[in-house]
Amino acid sequence: MINIVVIGAGYAGVLATKKLEKKLRKKGVAGETQITLIDKHPYHTMLTELHEVAACRVGEESVKMNLDQIFARRKVNVVLDTVTKIQFENQKVVGENGEYDYDYLVLAAGSKPTYFGVEGAEEFSYTLWSYDDAVKLRDRIHDCFRLAADEPKEEKRRELLSFYIVGAGFTGVEMAGELAEYVPILCKRFHVKPEDVTIVDVDGLSRPVPVLPEKLSGKVERRLVKQGVQVVMNSSVVGVGENFIKLKQGDEVTQHTAGTVIWTAGIESAEITADTAKEVKSAGRGRIEVDSYLRCVDHENVYVIGDNMMYTAPGEERPVPQMVENAEHSASTAANNITAAITRKVEMEEYNPKFHGIMVCIGGRYGVARGGMAKHQMNLASFFAMFAKHFINIVYFVQVMGWTKVFSYLKHEIFTIRNNRSFLGGHFSNRTPSFLLVPLRVWLGAVWVFEAVMKIVEGWFKKPMLASFFGGANAWYDSLLGNATAVDAAASASTTVSTAVDAAASASTTVSTAVDAAASATGAVADAVTSVGTVLMNWDFGLFRTILVSGKDLASSALGDYAFKVDIPFVNWFLENAVLSSDGMQMFMQIMIVVLELLIGLGLIGGLFTFPSAGVSLILQVMFLSTTGLYLNSIWMVFASIAVLIGSGYTVGLDYYVGPFLKKHWKNVKWVKRWYLYND
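First things first, this report covers the structure right here in the doc. All figures in this text were calculated on a predicted structure; none of them were measured in a lab.

Basis of the calculations
- Residues numbered from 1 in each chain as written.
- Predicted model: local features only at pLDDT ≥ 70, side-chain atom pairs only at ≥ 80, totals over all residues.
- Heavy atoms only, no water.
- Pairing = 2+ DSSP bridges.
- Helix = DSSP H or I, 4+ residues; strand = E, 2+ residues; numbered from the N terminus.
- Contact = heavy atoms within 4.5 Å.
- Axes fitted to C-alpha atoms, helices over the stretch in contact; angles between N-to-C directions.
- Expected span 1.5 Å × (residues − 1).
- Bend = angle between axes of the 7 residues up to and from the residue.
- Buried < 20%, exposed > 50% of the residue type's maximum accessible area, 1.4 Å probe, protein only.
- Left-handed = near helix turned anticlockwise from the far one by under 90°.
- Nonpolar A, V, L, I, M, F, W, Y, C, P; charged D, E, K, R; others polar.
- Patch = residues over 30% accessible without salt bridge, like charges linked within 9 Å, V, L, I, M, F, W, Y side chains within 5 Å.
- Areas by Shrake-Rupley, 256 points an atom, 1.4 Å probe, with all protein chains shown as cover.
- Salt bridge = Lys/Arg side-chain N within 4 Å of Asp/Glu carboxyl O.
- 1 Å grid on protein atoms, 1.4 Å probe; cavity = no way out; pocket = protein on both sides within 12 Å on 5 of 7 lines; lining within 4 Å.
- Points joined across faces, edges and corners; volume = space filled by probe spheres on them.

### Some details on the sheet that holds strand β18 (residues 260-263)
Phase 1: Spatial ordering of the open sheet is given by β11-β18-β12-β13-β14, a layout of five strands whose pairing is parallel. Because the sheet does not close on itself, it has two edges, and the strands there are β11 (126-127) and β14 (229-232).
Phase 2: Of the strand pairs in this sheet, strand β13 (residues 198-202) and β14 are connected by four bridges, and their pairing is parallel. Among the inter-strand pairings, valine 202 is bridged to a residue of β14, identified as valine 232.
Phase 3: In the packing of helix α7 (residues 170-190) onto the sheet, the strands contacted are β12 (162-166), β13, β14 and β18, and the crossing angle to β13 comes to about 170°.

In structure tokens, the structure reads:
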């Protein structure tokens, strides 16, 4: 058995483990290998989103992903332990709870804050580099406002409400922006005067986030200032105390009141990496030097990735940055090269990362980004930058936990966002109580039941009717659009007036009733299709055509006289060559439509399987829209289907009882767990 040990369940460690397991399985050697992932926490944390938890934009659960869920039904042994030493000579990883032999080792232990020897910084400041850090800081911020609300002394109150963020890099400005966005909400909640609150972002840098172009750095600073943040550049922190911070600008040292100091000034390798770096070739802050295949230069079976690696790509002057995209790229390269070393079936690949950009969010509504292709990048700001940020996060979640995490992320960031703090302004956030949708759901279901019953009464179970059903509607449209050839074809297809009448009557929600009305008045289809009408839209886009007509002149038209159709040539071809290919096929499709309508209606009325019922309802409406078209007075069913699509059956419905039972058993199905086809 070949043992592969991965240390660390951060971005690099989790992706390397997933990709490695998949590659080994595809190469048919999964049974000969054992992958062990070791981390001191049972979850993977989204470190780039911690500021959102600290400033209470999202719940703490939104930044965690359980490792057992990530690696469900995969040949990965997840071990909860703290690694204390790597014994290269014995090829052994030593932890507090056990020892682990390895043939190949992946070191991805991540980083921790560094304090640069500043007096009191570690003891008196709050960090933001872990899930626990974010939760502690969030509680601290709330406590400060709660205590300040009851504090009669102005000096003490201002001390409690003074926040200094040390560091104007990614984490620093994101924390400052997030806190500044949250302060007005806290002031209103605790009845605190906004002028009593002080937020300062301080750094020895000349501008915020200097890896950004100067223009975007300026946008970041202006946004922070607009939010009420004091941005202090070219000032280094030389001391931190229980309620103060010391700043040095030039030769002058000043002391300022600071009730809370948040330290985001820099990172260094985690303890195990720093200790290991003393035994192998390494560089500053505990980063271990690797070759072009990401192997430790002193040990070919040890791969170092993510923040722990020190590597300068060909043609570059600086080492690869300690950022998420590097973690993702290096994880992929390491997984490939370990697979190559084990199987000899793939080629080793050199690490040549192509970074696609960086982005910074200043609160939930504004951000800046520099992104694009590796050699051709563009600046983005505001809405577009925030959209890019969410899109990239979703791409990452697809790799890690698929559907279940993507849905959870959209829920936390868009659909249930607190205090409208999203880049969409909270417009999509859920506010309507679901019980208000119950009457709409029941009525929509009742209409579908009525439709099914009427089709049964009209004989849909007895004889083929679809040819006349579709043909009558098309003849009516063609008559209004002046297509004489199509009119003649439709008239010849409908050999008797009664057939046209039957076909029209069977579609109470579709426009084929127009043929019935016209035929009843004149006694012949040919006369019906020459009836007076109005064409309001006939736009041909090539792949499809949109048609909006009325069966009467404009002055006499009511809502029920207007019909809308999306004419799609492929759909027309499919109807002609498949659905209408034989009487047997027509009967099968007719029965299927009636049964579906009946099941949809009963499901919606009872609130049972509401999601699939509403989904099929929507599909049927789209099908009618592209075949017979819909009258405008029935098109409400499309929007009603959308409105009751998600969660409406859990209020005064059977889904309230059936849903949790089915979800409990569904998520435990092997292939469902493996592909994350469930929702927590």
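### Thoughts on α7
Phase 1: The end-to-end C-alpha distance of α7, which contains 21 residues, comes to 30 Å, matching closely the 30 Å that a straight helix rising 1.5 Å per residue would cover.
Phase 2: Within α7, the axis deviates most sharply at valine 183, by approximately 30°, and proline proline 184 lies no more than four positions further along.
Phase 3: Of all 21 residues in α7, 15 are buried; the element is thus mostly enclosed.
Phase 4: Taken from the residues just after α7, histidine 191 is the one with a positive phi, measuring 60°.

### Re the packing of helix α1 (residues 11-26) against helix α10 (residues 324-343)
Phase 1: Put simply, α1 and α10 touch, their axes get as near as 8 Å, and they point 35° apart. Remark: the crossing between α1 and α10 carries right-handed chirality. Here α1 contributes Tyr11, Ala12, Leu15, Ala16, Lys19, Leu20, Lys23 and Leu24 to the contact with α10, which in turn contributes Val324, Ala327, Glu328, Ala331, Ser332, Ala335, Asn336, Ile338, Thr339 and Ile342.
Phase 2: Across the contact of α1 with α10, the residue classes break down as 12 nonpolar, three polar and three charged.

### Considerations on a nonpolar patch on the surface
Phase 1: Residues Phe383, Phe384, Phe387, Phe391, Ile392 and Val395 make up a contiguous nonpolar surface patch of about 620 Å² in total accessible area.
Phase 2: Note that isoleucine 392 resides in helix α11 (residues 383-400).
Phase 3: Accessibility expressed as a relative area gives 44% for isoleucine 392, which makes it partly exposed.

### Focus on the pairing of strand β15 (residues 236-240)
Phase 1: Summarising the sheet, β15 and strand β16 (residues 244-249) pair through four bridges and their orientation is antiparallel. The residue of β16 that forms the bridge with valine 237 is leucine 247.
Phase 2: Connecting β15 to the next strand, β16, in antiparallel fashion are three residues.

### A short note on the pairing of strand β17 (residues 252-257)
Phase 1: One ladder, built from six bridges, connects β16 with β17; its direction is antiparallel. Paired with lysine 246 across the bridge in β17 is glutamine 255.
Phase 2: Linking β16 to β17, which pair antiparallel, is a turn of two residues; within it glycine 250 sits at a positive phi near 70°.

### Details of the layout of surface pockets
Phase 1: Of the voids in this model, the second largest pocket is the one considered here, and its volume is about 1800 Å³.
Phase 2: Elements with a contribution of two residues or more to the lining of the second largest pocket: β4 (64-66), α12 (402-415), α21 (610-625), α22 (636-643) and α23 (655-666).
Phase 3: Taken together, the residues of the lining of the second largest pocket sort by class into 21 nonpolar, 17 polar and eight charged.

### Topic: unusual backbone geometry
Most peptide bonds take the trans configuration, and most residues that are not glycine carry a negative phi.
Phase 1: Phi at cysteine 56 is positive, roughly 60°, even though this residue is not glycine.
Phase 2: Inspection of the secondary structure puts cysteine 56 in the loop between α2 (50-54) and β4.
Phase 3: The exposure class assigned to cysteine 56 is buried, which follows from its relative accessible area of 13%.
Phase 4: Of note, phenylalanine 116 is a non-glycine position whose phi angle comes to about 55°, a positive value.
Phase 5: With respect to the element layout, phenylalanine 116 can be found in the loop between β10 (111-113) and α4 (121-124).

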